[in-house]
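Topology and contacts: notes
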Amino acid sequence: MKDKNKNLFDLSQKFIPGGVNSPVRAFSSVGGTPIFFKKGLGARLWDENNKEYIDYINSWGPMILGHAHPEVIKAVQEGAKNSLSFGAPTSKELDMAEMLVKLVPSMEQVRLVSSGTEATMSAIRVARGFTSRDRIVKFEGCYHGHADSLLVKAGSGALTFGQPSSAGVPKDLAKHTHTLAFNDTEVLKKCFREMGDDIACVIIEPIVGNMNLILPDVQFLKTLRQLCTQYGAVLIFDEVMTGFRVALGGAQELYGVIPDMTTLGKIIGGGLPVGAFGGRKDIMQKLAPLGPVYQAGTLSGNPVAVAAGLKTLELIQKPNFYHKLSLVTKNLVDGMIEAAGKKSVEFSARSMGGMFGLYFRESPPNSFDEIMDSDRTKFNKFFHSMLEQGIYFGPSAFEAGFVSAAHTEKDIKETIDASYKAFESLNE
Ligand code: KE4
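Residues numbered from 1 in each chain as written. Predicted model: local features only at pLDDT ≥ 70, side-chain atom pairs only at ≥ 80, totals over all residues. Heavy atoms only, no water.

So, empty space enclosed by the protein
In total, this model carries 3 cavities of 30 Å³ or more according to the counting rule given. What the largest cavity holds in volume is close to 70 Å³. Surrounding the largest cavity, N212, F356, G357, L358, F379, F393, G394, E399, A400 and G401 form its lining. Sorting elements by how many residues they give to the lining of the largest cavity places strand β12 (residues 355–359) first, with 3 residues. Considering only residue class, the lining of the largest cavity consists of 5 nonpolar, 4 polar and 1 charged. (1 Å grid on protein atoms, 1.4 Å probe; cavity = no way out; pocket = protein on both sides within 12 Å on 5 of 7 lines; lining within 4 Å. Points joined across faces, edges and corners; volume = space filled by probe spheres on them. Helix = DSSP H or I, 4+ residues; strand = E, 2+ residues; numbered from the N terminus. Nonpolar A, V, L, I, M, F, W, Y, C, P; charged D, E, K, R; others polar.)

If you want it as structure tokens, here you go:
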């Protein structure tokens with residue numbers, strides 16, 4: 001039978017650069033043909049050949065309730081009946097703002113946008129406007145979307161392609177971005193000693209998901225918080241991925257380190273385009289129309305997208321939601337560690353809330369250099385064996401995985417069982 005994925009991919013490349021609308025989808029680092037999906041329900045996906053998969057990408061995080069959750073679909077349908085967009089204030093976006101201020105410890109005020117990139121780009125600009133400084137600090141392997149200032153040694157797709165800095169970013173702009181080693185407290189202190197008074201902001205993924213899953217050293221985060229306060233730099237937690245993924249209050253709740261600003265995306269749109277940036281009121285008041293920092297968006301706070309996000313945020317507040325999600329995710333990770341051990345494959349894994357990392361190295365990495373020395377060839381072979389068996393992991397050794405509330409113990413068992421065969425294939 002002809003593979004519809006291949007036919008579609010061949011044709012897509014005629015009209016779309018690389019055949020995809022986002023590079024990581026192209027399977028470039030794992031090889032093979034991207035899968036074209038036509039349907040998702042709960043933890044499952046179906047491709048154009050009607051092949052069924054258990055989904056561990058979940059649209060790179062947003063589908064925390066699983067695909068096509070009936071209550072989310074209903075909220076979208078109800079919202080859509082009243083028009084898709086007004087370009088004017090609606091009560092729905094006020095409800096969303098109130099919800100985010102209630103749930104995110106650092107948020108006193110918030111503005112909605114349409115993607116994580118818009119959120120981080122806007123947060124950087126308002127931090128520069130608030131401090132009247134130009135320098136920004138980020139960390140190698142962290143990815144914050146594709147705004148020019150942030151594509152300097154970015155993670156995710158950029159890291160996967162081994163081109164940590166992007167073409168097209170003016171040198172005169174990139175020079176204001178300083179990239180440090182994640183979890184290296186001494187390098188951080190040195191940077192602030194040398195240029196602390198010139199730093200507008202530091203942006204960090206408090207738990208990194210874009211060089212695979214890497215956890216922070218708590219002392220590193222606390223030192224970062226203390227240095228930003230001491231030097232008047234704005235601390236931005238990019239929780240586009242970790243927000244509502246690792247805990248209801250995100251990484252900032254888990255680690256008890258409260259930034260000056262937080263960026264969000266993914267889950268807050270429930271699968272539709274929503275991003276947000278917010279934080280201290282004195283910083284957010286710098287934004288037009290009140291202050292001198294301009295930021296805008298035709299579809300910002302779109303009522304239908306917000307309806308999907310609001311329903312999602314309502315449902316994840318159910319009692320024990322994160323306890324159950326964390327347990328299912330941990331069972332997946334523990335089962336795969338056991339399988340790899342029985343098949344004598346050098347492998348490690350870890351989970352945090354509803355996200356996990358798989359590593360073809362002896363122990364979980366704690367830095368960019370450590371994740372870079374994992375065995376990508378083994379990952380790629382493992383990835384394709386699992387894909388063949390109907391298990392869909394992220395097509396990159398540098399991406400975290402995601403579990404939804406729709407994943408059952410049966411799904412987890414099926415995945416672990418498949419991993420025995422996949423680990424076995426690495427010994428051939
Ligand atoms: P978007 O512009 O893709 O909505 O968000 C950018 C972004 C910002 N910050 C963090 C921490 C992120 O993880 C992201 C986007 N994550 C990637 C997955 N690693 C999106 C997948 C893709 O680029 O296709």
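Remarks on the sheet that holds strand β8 (residues 234–238)
Strands sit in the order β4-β10-β9-β8-β7-β5-β6 across an open sheet of 7 strands; the sheet is mixed. With partners counted over all chains shown, the strands left at the sheet margins are β4 (109–113) and β6 (177–180), one partner each. When the angles between neighbouring strand axes are averaged without regard to direction, this sheet yields 20°. Two elements, strand β5 (residues 135–139) and strand β7 (residues 199–204), share 3 bridges in a ladder whose sense is parallel. Its bridge partner lying in β7, V137 is registered against V202. Relative to β4, helix α3 (residues 91–103) is tilted by about 130°, and along the sheet it contacts β4, β9 (261–264) and β10 (275–279). (Pairing = 2+ DSSP bridges. Axes fitted to C-alpha atoms, helices over the stretch in contact; angles between N-to-C directions. Contact = heavy atoms within 4.5 Å.)

Topic: the domain arrangement of the chain
What the domain assignment lists for the chain is domain 1 (4–64 + 319–425) and domain 2 (70–315). On a C-alpha basis, the centroid separation for the pair domain 1 and domain 2 is 25 Å. Listed by partner, the interface residues are 34 residues for domain 1 and 33 residues for domain 2. Buried surface at the junction of domain 1 and domain 2, summed over both partners, amounts to about 2,700 Å²; 65% is from carbon and sulfur atoms. A per-residue breakdown of the area domain 1 buries against domain 2 is headed by Y322, M352 and F368, which together make up 24% of the total. Where domain 1 touches domain 2, the interface holds 0 salt bridges. Of all the secondary-structure elements, those providing two or more residues to the side of domain 1 that touches domain 2 are α12 (321–342), β11 (348–352), β12 and α13 (368–372). Broken down by element, the residue count for the side of domain 1 that touches domain 2 peaks at 5 residues, all from β12. (Domains from an automatic or database assignment. Buried area = accessible area lost by both parts, 1.4 Å probe. Salt bridge = Lys/Arg side-chain N within 4 Å of Asp/Glu carboxyl O.)

Considerations on the layout of surface pockets
Space inside the second largest pocket adds up to approximately 740 Å³. Lining the second largest pocket are 32 residues, and of these E93, V110, R111, L112 and S300 sit closest to its centre. Elements with a contribution of two residues or more to the lining of the second largest pocket: α3 and β4. The biggest single contributor to the lining of the second largest pocket is α3, with 5 residues. Of the residues that constitute the lining of the second largest pocket, the class distribution is 17 nonpolar, 11 polar and 4 charged.

Quick word on the site of the ligand
Not every one of the 17 residues close to the ligand is listed here, only the nearest: S22, T117, N210, D238 and E399. Interatomic distance of 2.7 Å between a side-chain N/O atom of D238 and a nitrogen atom of the ligand. About the coverage of the ligand: the protein hides 87% of its 540 Å² of free accessible area. Looking at the shell around the ligand residue by residue, the class counts come to 5 nonpolar, 8 polar and 4 charged. Mapping the shell around the ligand onto the domain boundaries places at least three of its residues in each of domain 1 (4–64 + 319–425) and domain 2 (70–315). (Near = heavy atom within 4 Å. Polar contact = N/O pair within 3.5 Å; in protein donor to acceptor, adjacent residues only side chain to side chain. Areas by Shrake-Rupley, 256 points an atom, 1.4 Å probe, with all protein chains shown as cover.)

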